[in-house]
Amino acid sequence: MNDAHLHDALPAHERIFTYAAHVSLDHIDVRDVCQLTYVAHVVEKGRAVMQQQRRTRAEMIEETRAKLVATARRAFATQGFAHTSMDDFTAAAGLTRGALYHHFGSKEGLLIAVIEQVEAEVGERLQAVSDAAPSPWEGFRRRCRTYLELALEPEIRRIILQDARAVFGDVPQAAQSVGIAALQASLDGLIAEAAVAPLHTGVTARMIYGAVTEASFWIAETDGDHEARLAQALEGLERLLGGLRIR
């Protein structure tokens, strides 16, 4: 590529300086400089408009997704996944069924997004309970107890403990991994301060997570006494956790 072609390949605003650097002041054509200045202005303005359009499009996509998730979450919590009409809740969101398929692929895909949102909030609540406890052991104990107690909350009971199991067979793997990792980190800390006897924290965290999760599913079953089952589950949990402590 020769110098002329290299010059033409430069952005318009850089060509002004290249032009001025290679032409003496006596031979500068003011009209050329004015033209290049104008071109540079137009190019920069166009670039700014395109960036704004990209930002606006990204914001619109995020807004649409958030609207669908929020509307579906309300519908699933009150009516249940199976009894929620896609046409009804997309209309309630001011959107179409096509928007749902475009952003989530299916009604099940939307349910996964709702579950992930609820599970993230549950994780934050459990961490807050743990952090507020007077000791690491008490934080661990309260975290497990709170997980069981959340089974009484209608939204969590319906979406996480009833619909998630009915549709997918279990809580999504990503949410399970987060919960297990939190329990394992707590156990590692408790062993380090000699509050819990040394053991394999990875497998123990999975066993405790499995126990409280299955107990929560049991508490949330539609044909049971939720309050009575919670009391029984909490009693069993205390005995289970008590075996971990160094006395």
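For the structure, see preceding data.
Scoring rules and cut-offs
Residues numbered from 1 in each chain as written. Predicted model: local features only at pLDDT ≥ 70, side-chain atom pairs only at ≥ 80, totals over all residues. Heavy atoms only, no water. 1 Å grid on protein atoms, 1.4 Å probe; cavity = no way out; pocket = protein on both sides within 12 Å on 5 of 7 lines; lining within 4 Å. Points joined across faces, edges and corners; volume = space filled by probe spheres on them. Helix = DSSP H or I, 4+ residues; strand = E, 2+ residues; numbered from the N terminus. Nonpolar A, V, L, I, M, F, W, Y, C, P; charged D, E, K, R; others polar. Phe/Tyr/Trp six-rings, centres within 6.5 Å; stacked < 30°, edge-to-face > 60°. Buried < 20%, exposed > 50% of the residue type's maximum accessible area, 1.4 Å probe, protein only. Lys NZ or Arg CZ within 6 Å of the ring centre and 35° of its normal.

Before we move on, can you summarise the layout of surface pockets with the specific residues and values?
Taken as a whole, the largest pocket encloses approximately 330 Å³ of empty space. As for the largest pocket, its lining consists of 19 residues, of which Glu119, Gly123, Ala175, Val178 and Gly179 are closest to the centre. Only α6 (107–132), α7 (136–149), α9 (173–192) and α10 (201–220) provide two or more residues apiece to the lining of the largest pocket. The element that contributes the greatest number of residues to the lining of the largest pocket is α6, accounting for 7 residues. Looking at side-chain class alone, the lining of the largest pocket contains 14 nonpolar, 2 polar and 3 charged residues.

Lay out the packing of aromatic side chains in plain terms, naming residues and giving numbers.
Aromatic ring pairs are defined here through the distance separating the ring centres and the angle between the ring planes. Counted under the stated rule, the structure contains 3 aromatic pairs. Measuring from ring centre to ring centre gives 5.4 Å for Phe76 and Phe81, while their planes differ by 55°; the resulting arrangement is tilted. In this structure Phe81 comes out as buried when scored by relative accessible area, which is 8%. Taking the ring centre of Phe81 as reference, the NZ or CZ of Lys107 above it sits at 4.5 Å. Arg165 extends its terminal NZ or CZ atom over the ring of Phe217, reaching a point 3.8 Å from the ring centre.

Without other data, these values stay purely geometric and don't point to any function.
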